[in-house]
Amino acid sequence: MNRITFAPCSRVVCAGLGLLCLLCFAACDDEPQPSPPKLCSPNACNENVLGGSCDDSSGSARCTCMPGYTGDDCRACEEGYTLRDQACWPPSCQADTCNESHGGGSCSDAGGAVVCACAAGFIGPNCRQCADGYSADAEGGCVLEPVSACAAIPGRTPAEVQAPVLRATLPASWDENWLAAPGVADLDGDGQLEVIAARHSVLYAWDTDGSLLWRAAWGKSASDPDDHGSTRMWSSPVIADFDNDGDVEIAVGSGASDGNVAVYDHQGMLLSGWPQHFGGSDEIRAITAGDLDGDGYFEVVVNKTNRGPATAVFALSGELRLGWPQVGEGCDPEPPAEGCWDFGGYNQNIGLADFDADGKLDVISTYDAIGFGIFHGDGSPFPTHSSFSDRVVTAVEAYHDLALSQQGWGNGDRSEFTYSPPAMGDVDGDGLPELLLIGDHEHSESTANRGSSFWLLRPDLQRPVGWESPKDSGPSISYDGELGANIVHTQPQPSMAQLDDDPALELIGPAYDGYVYVYDYSGELEWRYRYDAEGEPYTGASEVLVADLNGDGVPELLFNTWSSGAPREADAPAHLLILSNTGELLQQVELAGRGSMAAPTLADLEGDGELELIISLKDTLGGGEGGVQIWELPGAGVNCLLWPTARGNQLRQGRASR
């Protein structure tokens, strides 16, 4: 009998065998079939850190590993490389360790380990991924996705920005102003905003219609017959509901020797426990408030002039909070690291922001010295990045050369922050705030002023890409010159805001050389505007506000100028200036007397959706008319108030609105 032998089952062998073919096909279909070829998928070959690249053109995914990476999926490291955060790190910085070829970041190995500092828009251990709000371009970089700075007023027909129109000068005595921007609040619960101003020794409050509500001399309640004091209030009043009782409180500082910090209620009456005193005969020129411990009650935070401790935090009861003042006990890191040091500031040198994303506000205090301090709410100092030999922020010297700051000593250009308030905001959209300061440029061999220096820093003192060194202005027009009775030179007060469809914040501020500067997040100068073309007579510039003044969804910039000269006798006209977001002069309106050294304030006083501008002039007009004025802004609404008053908000915290 013939025996039939079957070949291994395959459709080719079975072809033409009739019944046997059917049996064979059945046997074939019952056998396990091979799985579909593996194709490339996101991060299949560790692309997030440029570990390799994937190719599935053959029908199956294959990884080609970059130098330093090995394994089927490029997730293991070659000999000599160290695995950390899914990336393979060389023993020292190489040409493209931190994606330098695409502007992704900068590399440092000064601390013994390779560390990347990512540029704006880049994230990941070696800066090869794009942050939220950014997308990858064809060259491998990360570019911002367009986002409008503001929403336009619905139904508004685009129109030119109109000139402000003076509505009223509010009644007051002879009191002059220093750097105190006016404030607004609903003091009487009528749904409209009253105007509040600190002018020399008197705290004023006016109703929306311009009538005087109350006035309180420094350290006295409004009910006291003494309506003038003997000490000035330099900085802007801090205005908010500090205790969640539905009524507004107002905090101010002065130079009084018997109490230089005070808190008033909405009727001009001193709160129990106030005034308090901090720092001997020193002056409080910097004050802010915020809830530092999350208990629902605001603390009052101050920086004083002269020798430290320079920074204090008061509870609303008037008592110093535990851990304050600083620098003091508990600040110094373990030896041999340098101990903490400070020196008081001379112009609104205090700010609050959540620098470490723990949900609580932290304190930044800038010094009349080559540095500043950042502290947690309990007074403990912020640490520096591991590349710094000094282990806490308040021990680092602000050398322009990063290497000198990292080593903790040296000879070279540096900055003091004598007159520089801090401004904070998420400049690059990574969810954490950066810090903007405008320092006094000097050299370690001479404290002679060389102009202004714009600094952008992270809270651990790393410098973002493009900001490895500060940006220096030209030489000062007048730094120590005599400018007239109680006139000071320009105070370098920074602000932050998004000016265009690029969602990164612009960095804005007046400098000693007579220009207002605007930088982008990468350190490029976008434009500058000359506010003092001569130098003699002198013209100064206030902090710059940012808001949409014609409802088209595009912000404008506005600021006051002031002139040298005697009271009410300016050497040159002073103005309110309005600029476009590209630096074009749109409106210039002359101000009375010597103008105003303080930032104005933008607010909707009547709640009708129309914006007003409040200015506190240096001088009064006299004859019963004071120095606080309300101006109409035709065509301006409340759709876009990005930096609407001094220090960004009425708590004077120095924080950008986003």
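Everything numeric here is computed off the predicted structure, so don't read it as measured data.

A. Layout of the overall build of the chain. Within the chain one finds three helices and 46 strands. In terms of overall dimensions, the chain has C-alpha extents of about 135 × 65 × 50 Å along its principal axes. Taking all 658 residues of the chain together, 55% fall into the buried category. When contacts within the chain are restricted to residue pairs at least 6 apart in sequence, long-range pairs at least 24 apart make up 54% of them.

B. Main features of the sheet that holds strand 20 (residues 261-264). Taken in spatial order, the three strands make up an open sheet running 18-19-20, and their pairing is antiparallel. Every interior strand has two partners, whereas the edge strands, strand 18 (238-240) and strand 20, have only one. Strand after strand, the sheet turns through a mean of 15° between neighbouring axes, direction not considered. As paired elements, strand 18 and strand 19 (residues 249-253) share three bridges and run antiparallel to each other. Looking at strand 19, one finds that alanine 240 is bridged to glutamate 249.

C. Summary view of the confidence of the model for the chain. In this model, the chain carries an average pLDDT of 92, and 94% of its residues clear a pLDDT of 70 or more. Every residue in residues 1-31 scores below 50 in pLDDT, and together they form 15 contacts with partners more than four places removed in sequence or on other chains.

D. Quick look at the pattern of salt bridges. Taken as a whole, this structure holds 16 salt bridges when the rule is applied. Between lysine 304 and aspartate 282 there is a salt bridge; the shortest N-O distance is 2.7 Å. You can see lysine 304 sitting in strand 22 (residues 299-304) and its partner aspartate 282 sitting in the loop between strand 20 and strand 21 (284-290), a full 22 residues away along the chain. Taken individually, lysine 304 and aspartate 282 each receive the classification buried, so the pair is uniform in this respect. Across the pair aspartate 293 and arginine 321 runs a salt bridge whose closest N-O atoms are separated by 2.9 Å. Placement of the pair is aspartate 293 in the loop between strand 21 and strand 22 and arginine 321 in the loop between strand 23 (311-314) and strand 24 (350-353), with a sequence separation of 28 residues.

E. Seen up close, the environment of tyrosine 204. With respect to the secondary-structure elements, tyrosine 204 resides in strand 16 (residues 202-206). When the C-alpha atoms of tyrosine 204 and arginine 647 are compared, they prove to be 20 Å apart, with 443 residues separating the residues in sequence. Leaving out residues up to four positions away in the same chain, tyrosine 204 has contacts with Ala172, Ser173, Asp175, Val195, Ile196, Ala197, Arg199, Leu212, Trp214 and Arg215. A polar atom in the side chain of tyrosine 204 sits 3.2 Å from the backbone nitrogen of serine 173.

F. Structural context of the environment of glycine 246. Within the secondary structure layout, glycine 246 lies in the loop between strand 18 and strand 19. Glycine 246 sits in the exposed class, given a relative accessible area of 63%. Once the C-alpha coordinates of glycine 246 and glycine 189 are considered, the two residues, 57 residues apart in sequence, prove to be 9.2 Å apart.

G. Main features of the side chain of lysine 304. Given a relative accessible area of 3%, lysine 304 falls into the buried group. Of the polar contacts made by the side chain of lysine 304, one reaches the side chain of aspartate 282; its length is 2.7 Å. Apart from residues lying up to four places away in sequence, lysine 304 is in contact with Phe278, Gly279, Asp282, Glu283, Ile284, Pro309, Ala310, Gly344 and Gly345.

H. Here's a closer look at the packing of aromatic side chains. In total, this model carries 16 aromatic pairs according to the counting rule given. Both rings, one in tryptophan 467 and one in tyrosine 519, keep their centres 5.7 Å apart while their planes meet at 70°; by these two values the pair is edge-to-face. With a gap of 52 residues between them, tryptophan 467 in the loop between strand 30 (452-457) and strand 31 (471-472) and tyrosine 519 in strand 34 (residues 515-519) connect regions that are remote in the sequence. Just as tryptophan 467 is buried, tyrosine 519 falls in that class too. Ring centres of tyrosine 517 and tyrosine 519 lie 6.0 Å apart, and the angle between their planes is 5°; on these two criteria the pair is classed as stacked. For tyrosine 519, a relative accessible area of 5% translates into the label buried. An aromatic cluster is built from Phe454, Trp467, Tyr515, Tyr517 and Tyr519, whose rings are joined through pairwise contacts. Over the ring of tryptophan 178 we find lysine 618; its NZ or CZ atom is 3.9 Å from the centre of that ring.

I. Main features of the state of the cysteines. Counted under the stated rule, the structure contains 10 disulfides. Two residues, cysteine 45 and cysteine 63, share a disulfide whose sulfurs are 1.9 Å apart. What sets the handedness of the cysteine 45 and cysteine 63 disulfide is the S-S torsion sign, and at about -80° it is left-handed. Pair noted here: cysteine 45 is in the loop between helix 2 (19-30) and strand 1 (52-55) and cysteine 63 is in strand 2 (residues 62-65), with a separation of 18 residues, a long-range link. Disulfide pairing is shown between cysteine 150 and cysteine 640; the S-S distance is 1.8 Å. You can see cysteine 150 sitting in the loop between strand 12 (142-144) and strand 13 (165-171) and its partner cysteine 640 sitting in the loop between strand 45 (625-637) and strand 46 (641-643), a full 490 residues away along the chain.

J. Spotlight on the sheet that holds strand 21. Here three strands make up an open sheet; going across it, the order is 21-22-23 and the pairing antiparallel. Two strands lie at the open edges of the sheet, namely strand 21 and strand 23, each paired on one side alone. If you compare each strand with its neighbour and ignore which way they point, the axes differ by 20° on average. The pairing of strand 22 with strand 23 spans four bridges and is antiparallel. Looking at the pairing, valine 300 lines up with phenylalanine 314 of strand 23.

K. Region of interest: the nonpolar core. Of all hydrophobic cores here, the largest spans 75 residues; its most connected members are Met496, Leu549, Leu557 and Phe559. Considering every element that reaches this core, the biggest residue donor is strand 34, with five residues. Not counting chain neighbours up to four residues away, the residues in contact with leucine 557 comprise Leu499, Ile508, Val518, Trp527, Val544, Leu545, Val546, Leu577, Ile578, Leu579, Ser580 and Asn581.

L. Looking closely at the side chain of arginine 199. Mapped onto the elements of the fold, arginine 199 is located in strand 15 (residues 194-199). Buried and unpaired, arginine 199 has no salt bridge, with aspartate 175 as the nearest side chain of opposite charge at 6.1 Å. Here leucine 617 takes part through its backbone oxygen, which lies 2.7 Å from a polar atom of the side chain of arginine 199. Each residue touching arginine 199, except ones within four places of it in the same chain, is listed here: Asp175, Glu176, Asn177, Tyr204, Met233, Ser616, Leu617, Lys618, Asp619, Thr620, Gly627 and Val628.

M. Region of the structure containing unusual backbone geometry. Cis geometry is found at the peptide bond from tryptophan 324 to proline 325, where omega equals 5°. Structurally, the position occupied by proline 325 is in the loop between strand 23 and strand 24. A cis amide bond, omega 10°, links glutamine 326 with the succeeding residue valine 327. Phi is positive for glutamine 86, close to 70°, though the residue is something other than glycine. Mapping glutamine 86 onto the fold places it in the loop between strand 5 (82-84) and strand 6 (87-89). If you check the backbone angles, cysteine 127 has positive phi at about 60° while not being a glycine. As for its position among the elements, cysteine 127 is in the loop between strand 9 (122-123) and strand 10 (129-130). Given a relative accessible area of 0%, cysteine 127 falls into the buried group.

About the criteria used
- Residues numbered from 1 in each chain as written.
- Predicted model: local features only at pLDDT ≥ 70, side-chain atom pairs only at ≥ 80, totals over all residues.
- Heavy atoms only, no water.
- Helix = DSSP H or I, 4+ residues; strand = E, 2+ residues; numbered from the N terminus.
- Buried < 20%, exposed > 50% of the residue type's maximum accessible area, 1.4 Å probe, protein only.
- Contact = heavy atoms within 4.5 Å.
- Pairing = 2+ DSSP bridges.
- Axes fitted to C-alpha atoms, helices over the stretch in contact; angles between N-to-C directions.
- pLDDT = per-residue confidence, 0-100.
- Salt bridge = Lys/Arg side-chain N within 4 Å of Asp/Glu carboxyl O.
- Polar contact = N/O pair within 3.5 Å; in protein donor to acceptor, adjacent residues only side chain to side chain.
- Phe/Tyr/Trp six-rings, centres within 6.5 Å; stacked < 30°, edge-to-face > 60°.
- Lys NZ or Arg CZ within 6 Å of the ring centre and 35° of its normal.
- Disulfide = S-S within 2.5 Å.
- Core = buried A, V, L, I, M, F, W, Y, C linked by side-chain atoms within 4.5 Å.
- Lys, Arg positive; Asp, Glu negative; His and termini not counted.

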